[in-house]
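# Fold and contact review
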Amino acid sequence: VLNRSPAYLVHEIILVDDFSEDANDCQLLTRLPKVKCLRNKQREGLIRSRVRGAEAAEAGVLTFLDSHCEVNKDWLPPLLHRTKE
């Protein structure tokens with residue numbers, strides 16, 4: 001997301017760790033700019049984890065991606081343009 005999105009369009013990236021086995025995975029990624037990590041104290045599942053991330057978000061527009069998703073070049077501007085319309 002950071003490499004394929006215009007920096008001015010990304011306010012923050014919030015990763016929600018749903019109590020994975022290695023708590024350090026998410027924390028290591030916070031070394032990247034704009035990345036925040038939230039770790040659940042127990043398994044909460046997809047929807048509760050997304051709600052938790054949304055509650056922590058500061059931006060006006062949110063995009064949810066699963067951890068296995070990879071965005072393509074220029075994916076964000078058209079999406080935000082449609083949202084603005």
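Residues numbered from 1 in each chain as written. Predicted model: local features only at pLDDT ≥ 70, side-chain atom pairs only at ≥ 80, totals over all residues. Heavy atoms only, no water.

## Re the UniProt feature "domain: Glycosyltransferase 2-like" (unreviewed entry) in the chain
The sites that UniProt annotates as "domain: Glycosyltransferase 2-like" (unreviewed entry) are residues 4-82. Secondary structure across residues 4-82 comprises 30% helix and 13% strand; the distance between its end C-alpha atoms is 19 Å. (UniProt positions renumbered as here; feature names shortened; annotations may be inferred. Helix = DSSP H or I, 4+ residues; strand = E, 2+ residues; numbered from the N terminus.)

## Thoughts on the confidence of the model for the chain
Chain-level pLDDT for the chain is 96 on average; 100% of the residues reach the 70-or-more range. Here helix H1 (residues 24-29) stands out as the element of the chain with the lowest mean pLDDT, 91, in contrast to helix H2 (residues 46-56), whose mean of 98 is the highest. (pLDDT = per-residue confidence, 0-100.)

## So, the state of the cysteines
Using the criterion set out here, one finds one disulfide in the structure. Two residues share a disulfide in this structure: Cys-26 and Cys-37, whose sulfurs sit 2.0 Å from each other. Handedness here is read from the sign of the S-S torsion; for Cys-26 and Cys-37, about 130°, the answer is right-handed. Of this pair, Cys-26 sits in helix H1 while Cys-37 sits in strand S2 (residues 35-39), and the two are 11 residues apart along the sequence. Unpaired in this structure, Cys-69 has its nearest cysteine sulfur neighbour in Cys-26, at a distance of 16 Å. (Disulfide = S-S within 2.5 Å.)

## Re the pattern of salt bridges
Within this structure, the stated rule accounts for six salt bridges. The salt bridge partner of Glu-70 is Arg-4, with a shortest N-O separation of 3.2 Å. With a gap of 66 residues between them, Glu-70 in the loop between H2 and helix H3 (76-84) and Arg-4 in the segment before strand S1 (13-17) connect regions that are remote in the sequence. A residue is classified by how much of its surface remains accessible, and Glu-70, at 65% relative accessible area, is exposed. Note that Arg-82 is salt-bridged to Glu-85, the shortest N-O span being 3.9 Å. Comparing Arg-82 with Glu-85 shows no difference in burial state: the two are exposed. Each member of the salt-bridge network shares a partner with another, and the members are Glu-12, Lys-36 and Glu-58. (Salt bridge = Lys/Arg side-chain N within 4 Å of Asp/Glu carboxyl O. Buried < 20%, exposed > 50% of the residue type's maximum accessible area, 1.4 Å probe, protein only.)

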